[in-house]
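So the chains spell out like this:
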Amino acid sequence: MRVILLVAVFFLFSSQSSPQQTAPSIIPRDGQAVALLQSSVRAMGGSVPSDSTATGSVVIVAGSLTTSGTVRILTRGTDQTLEQRFLPQSTEVTVYSRGAANALTNGTPQSLSLERTASCQSAAFPLPFLAAALTNSDEAIQYVAFETLGQTQVQHIRVWNTFNSNSSLQFLSEFTSTDIWFDASTSLPRIISFIRRDGGGASPKTLLTVSYSDFQATSGIFYPKSTQISINDTPWATTIIQSVSFNTGLTDADFPLTQGAN
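Nothing here was measured: the structure is a model prediction, and the numbers come from that model.

K.L.:
Got a minute to help me understand the side chain of aspartate 51 in this structure?
P.N.:
Among the secondary structure elements, aspartate 51 is positioned in strand β1 (residues 51–62). A distance of 3.1 Å separates a polar side-chain atom of aspartate 51 from the backbone nitrogen of leucine 250.

Here it is in structure tokens:
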């Protein structure tokens, strides 16, 4: 009897102290939000081009100073982007490529933290940006509300990367939360908004809001010809796209990642 009691106690202790097998966490994907995202992708052309190249003009307002220049925007698939602004006093480039990113100012590279990289994919061309959320099995998609923006009725959803398949990167999930508003009539995106940070804790938060208008079709794909970017709800940059081309054969070399100072 004493032996039986000891064996029972051993198994009871083992069951309480051993790591428990847990089922994989469920990634929230609201059916209504997924349908809205799918409708928007269809409205913009249905399929993502292998690559895109857009050029145009940009006006940047910083306090009392207004600066005009040109802009070049590249995308490749759903996970490579490049934004390049040519201004009178500087050339600024942000490159995002498959989970890595860096910035260059006048040719000098700056390595970006993982937290900053999590929100560096360009949203200037929203089709690949939104399609990436649909095709990434780690992406959570949540319906928020039916709302009104000015005179326009919109559907509001929120997406974020759970990194469910890569536990070492799950700390980055909070840095990927993105709010999207779709025109309720056309399904085209009206606004994409997210917070950019260089780190966690008390690291400063910068709210970036990208607003789209004047979608025009090129080869059956709708590209916003006018984009406005606000920083912390203050207008910052207005871009007018003058030329767009698709499937021109861009390669990894067009999205270079260079090591630089932090």
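K.L.:
Looking at this structure, I do not really get the nonpolar core. What am I missing?
P.N.:
Across soluble globular proteins, you tend to see nonpolar side chains buried next to one another. In terms of nonpolar packing, the biggest core is built from 38 residues, with Leu130, Ile157, Ile192 and Tyr223 touching the most fellow members. Element by element, the count of residues in this core is highest for helix α2 (residues 31–43), at five residues. Filtering out sequence-adjacent residues up to four positions away, isoleucine 157 remains in contact with Ala33, Leu36, Leu37, Ile141, Gln142, Tyr143, Val144, Thr178, Asp179, Ile180 and Phe182. Counting seven residues, the second-largest nonpolar core is a separate cluster that includes Leu82, Val93, Leu104 and Leu250.

K.L.:
Help me understand the pattern of salt bridges, please; the structure alone is not making it clear to me.
P.N.:
Where side chains of opposite charge bring their charged atoms close, a pairing between them can arise. Per the stated rule, a full pass over the model turns up eight salt bridges. Close ionic contact of aspartate 79 with arginine 98 constitutes a salt bridge, the shortest N to O distance being 3.8 Å. On the criterion of sequence distance, the pair formed by aspartate 79 in the loop between β2 (65–76) and β3 (80–87) and arginine 98 in the loop between β4 (90–97) and β5 (100–105) is long-range, its members being 19 residues apart. Between arginine 197 and glutamate 174 there is a salt bridge, and its shortest N-O distance comes to 2.7 Å. Here the residue arginine 197 occupies a position in the loop between β10 (189–196) and β11 (206–218), and glutamate 174 occupies one in the loop between β8 (152–161) and β9 (178–183), the gap between them amounting to 23 residues. For arginine 197, a relative accessible area of 9% corresponds to the buried category. Salt bridges here are not isolated pairs; linked through shared partners, they connect Arg76, Asp79, Arg98 and Asp252.

Calculation notes
- Residues numbered from 1 in each chain as written.
- Predicted model: local features only at pLDDT ≥ 70, side-chain atom pairs only at ≥ 80, totals over all residues.
- Heavy atoms only, no water.
- Helix = DSSP H or I, 4+ residues; strand = E, 2+ residues; numbered from the N terminus.
- Polar contact = N/O pair within 3.5 Å; in protein donor to acceptor, adjacent residues only side chain to side chain.
- Core = buried A, V, L, I, M, F, W, Y, C linked by side-chain atoms within 4.5 Å.
- Buried < 20%, exposed > 50% of the residue type's maximum accessible area, 1.4 Å probe, protein only.
- Contact = heavy atoms within 4.5 Å.
- Salt bridge = Lys/Arg side-chain N within 4 Å of Asp/Glu carboxyl O.

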